[in-house]
Amino acid sequence: TRAHTYHLINLTRPVPSVALITLNRPKALNALSSPLFDELNHVLKDVDADKEIGAVVITGSEKAFAAGADIKEMKDKQYSEVYGSNFLSHWTYITSVKKPIIAAVSGYALGGGCELALMCDIILASPTATFGQPEINLGVIPGAGGTQRLARTIGKSRTMELVLSGRNFSAAEAERWGVVSRVVGEGEGEVVKEAVALGEKIASKGKLATQAAKEAVNHAYEQTLTEGLHFERRLFHSLFATNDQKEGMAAFAEKRKPNFTHS
Ligand code: CAA
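With an unreviewed UniProt entry as reference, the protein is termed Probable enoyl-CoA hydratase, mitochondrial, source organism Botryobasidium botryosum. Recorded in UniProt under Sequence similarities (unreviewed entry), the annotation for the protein is "Belongs to the enoyl-CoA hydratase/isomerase family."

Pasting the structure below:
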């Protein structure tokens, strides 16, 4: 991996065959700003090209994997801007990475944070992990795959309940529903340790078969996902034409309850 300085993420190699990417924007609970995603995409491109690396682990802090897209960055955006720039489309790069990616989730994985975890190949969760798609509380909907990937993973009724109510779900629920492959033991750093060990095991296999296996599983899973995601993002963009988006996001930034006018 060529030397590069990152500001909003850290890249380490806990073992030679595993790249560990740690989201590092603690003051904003790892809110996924555009600069953070640019760095993430950049490092993913590098590790995907590095022949020594056989698996990637993405994690956050004990308190937050990621608390979502950056609401403060989004709050004043207009429809013309989000549609015109195809806002959030650069989030999908991670899904084209050839190497297996494991999300090691502790704390909040909300909104875009939950969606980022869902874009990874495997999710391991700490018992403290809290997932959710709270976008409805901001006058919008998930815009990075939440409605599509959750529906495919946990079915319509649960997805509807979560997306329409905005309620969070626990690590135990995530395990029961198959959102995560397993919940690891308690203890600080445990989920990262487990994810790195799993990554090392995966990296010890033949790389071509690993690439083929990932491609095959994704094929079963993604058949018509592309259309669904495109449709979802367009709807997400359109909500920037509503007053409720302005109100929902302004209220968050001002730490008050939103007063939706349904307009
Ligand atoms: N965007 C921007 N800033 C955020 C953020 C976000 N998504 N989440 C947290 N922060 C900031 C807070 O504004 C706060 O900043 P200040 O110290 O400058 O006030 C800092 O991080 C710490 O957060 P809190 O004080 O709120 O911490 P808490 O422990 O009281 O609450 C929380 C934690 C419940 C996760 C709360 O921060 C929260 O509700 N965050 C927003 C969650 C959310 O709505 N996510 C969805 C975003 S929209 C989206 O993701 C769209 C999409 O589909 C792509």
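Anyway, onward from the coordinates.
Peer 1: What's the story with the pairing of strand β5 (residues 101-105) in this structure? I'm lost.
Peer 2: Side-chain positions along a regular strand alternate between the two faces of the sheet. The element β5 is largely enclosed, with a buried count of five among its five residues. Here β5 shows no split at all, with Ile101, Ala103 and Val105 on one side and Ile102 and Ala104 on the other all buried. Strand direction decides the pairing type here: strand β3 (residues 55-59) and β5, joined by four bridges, are parallel. Note on β5: the bridge partner recorded for valine 57 is isoleucine 102. The pairing of β5 with strand β7 (residues 122-125) spans four bridges and is classified as parallel.

Peer 1: Sorry if this is basic, but what is going on with the pattern of salt bridges here?
Peer 2: Two side chains with opposite charge may pair up if their charged atoms get near one another. Taken as a whole and assessed by the stated rule, the structure comprises 13 salt bridges. With a closest N to O distance of 3.6 Å, lysine 98 and aspartate 48 form a salt bridge. Highlighted residues: lysine 98 in the loop between α3 (79-84) and β5 and aspartate 48 in helix α1 (residues 34-49), separated in sequence by 50 residues. You can call lysine 98 partly exposed: its relative accessible area is 40%. Among the residues examined, aspartate 48 registers a relative accessible area of 10% and is labelled buried. For lysine 193, the salt bridge goes to glutamate 190, with nearest N and O atoms at 3.7 Å. A residue pair is termed a helical-turn pair when its members lie 3 or 4 positions apart in one helix, as lysine 193 and glutamate 190 do in helix α8 (residues 190-203) at three residues. One salt-bridge network, in which partners are shared between bridges, spans Arg13, Asp50 and Glu52.

Peer 1: How should the packing of helix α5 (residues 146-154) against helix α6 (residues 156-165) be read in this particular structure?
Peer 2: When two helices pack together, their arrangement is given by the angle between the helix axes and by the axis-to-axis distance. One can describe the packing of α5 onto α6 by two numbers: an axis separation of 7 Å at closest approach and a directional angle of 140°. In this view, α5 runs oblique relative to α6, as classed from their interaxial angle. The handedness of the crossing between α5 and α6 is right-handed. Along its contact with α5, which presents Thr147, Leu150, Ala151 and Ile154, the element α6 presents Lys156, Arg158, Thr159, Leu162 and Val163. When its residues are assigned to classes, the contact of α5 with α6 shows five nonpolar, two polar and two charged.

Peer 1: Please explain unusual backbone geometry as it appears in this structure.
Peer 2: Most peptide bonds adopt trans geometry, and most residues besides glycine take a negative phi value. Look at asparagine 30: it is not a glycine, yet its phi comes out positive at around 60°. If you trace the backbone, asparagine 30 turns up in the loop between β2 (18-23) and α1. A relative accessible area of 1% places asparagine 30 in the buried class. In this structure, lysine 255 takes a positive phi of about 55° despite not being glycine. Considering the arrangement of structural elements, one finds lysine 255 in the segment after α11 (243-253).

Peer 1: Just to check I follow, could you spell out α6 for this structure?
Peer 2: Residues that lie three or four places apart on an α-helix share one face, since the helix turns once every 3.6 residues. Among the residues of α6, those classed as buried are Thr159, Leu162 and Val163. Along the axis of α6, the buried positions cluster into a sector of 90°, meaning they face one direction only. Relative to its buried face, α6 has exposed residues pointing more than 90 degrees away, namely Ser157 and Leu164. Contact partners of the buried residues in α6: α5, β9 (168-170) and α7 (171-177). One or two residues past the end of α6 sits glycine 166, with phi positive at roughly 75°.

Peer 1: What am I meant to see in the side chain of serine 106 here?
Peer 2: Relative to the helices and strands, serine 106 resides in the loop between β5 and β6 (108-110). Looking at serine 106, the relative accessible area reads 4%, which means it is buried. When sequence neighbours within four positions are dropped, the list of residues in contact with serine 106 reads Ser61, Glu62, Lys63, Ala64, Phe65, Ser126, Thr128, Ala129 and Val191.

Peer 1: Looking at this structure, how should I read the confidence of the model for the protein?
Peer 2: Any region with low pLDDT has predicted coordinates that should not be read closely. Put simply, the protein has an average pLDDT of 94, and 98% of its residues get 70 or more. Listed scores for the predicted complex are pTM 0.90 and ipTM 0.98.

Peer 1: When you look at the nonpolar core in this model, what are you seeing that I'm missing?
Peer 2: A general feature of soluble globular proteins is that nonpolar side chains tend to end up buried together. Within the largest apolar cluster, 57 residues are counted, with the highest numbers of intra-cluster contacts made by Ile58, Phe65, Val105, Ile123, Phe131, Phe169 and Val179. Per-element tally for this core: the top contributor is α1, with six residues. Sequence-distant contacts of phenylalanine 131, defined by excluding residues within four places in its chain, comprise Val105, Ala109, Leu110, Cys114, Ile123, Ala125, Asn168, Phe169, Ser170, Ala171, Ala174 and Val180. Counting residues in each nonpolar core, the second largest holds 13 residues, with Val15, Ile102, Ala104 and Ile202 among its members.

The rules we used
- Residues numbered from 1 in each chain as written.
- Predicted model: local features only at pLDDT ≥ 70, side-chain atom pairs only at ≥ 80, totals over all residues.
- Heavy atoms only, no water.
- UniProt positions renumbered as here; feature names shortened; annotations may be inferred.
- Buried < 20%, exposed > 50% of the residue type's maximum accessible area, 1.4 Å probe, protein only.
- Helix = DSSP H or I, 4+ residues; strand = E, 2+ residues; numbered from the N terminus.
- Pairing = 2+ DSSP bridges.
- Salt bridge = Lys/Arg side-chain N within 4 Å of Asp/Glu carboxyl O.
- Axes fitted to C-alpha atoms, helices over the stretch in contact; angles between N-to-C directions.
- Parallel < 35°, antiparallel > 145°, perpendicular 65-115°, else oblique.
- Left-handed = near helix turned anticlockwise from the far one by under 90°.
- Contact = heavy atoms within 4.5 Å.
- Nonpolar A, V, L, I, M, F, W, Y, C, P; charged D, E, K, R; others polar.
- Arc of directions from axis to C-beta.
- pLDDT = per-residue confidence, 0-100.
- Core = buried A, V, L, I, M, F, W, Y, C linked by side-chain atoms within 4.5 Å.

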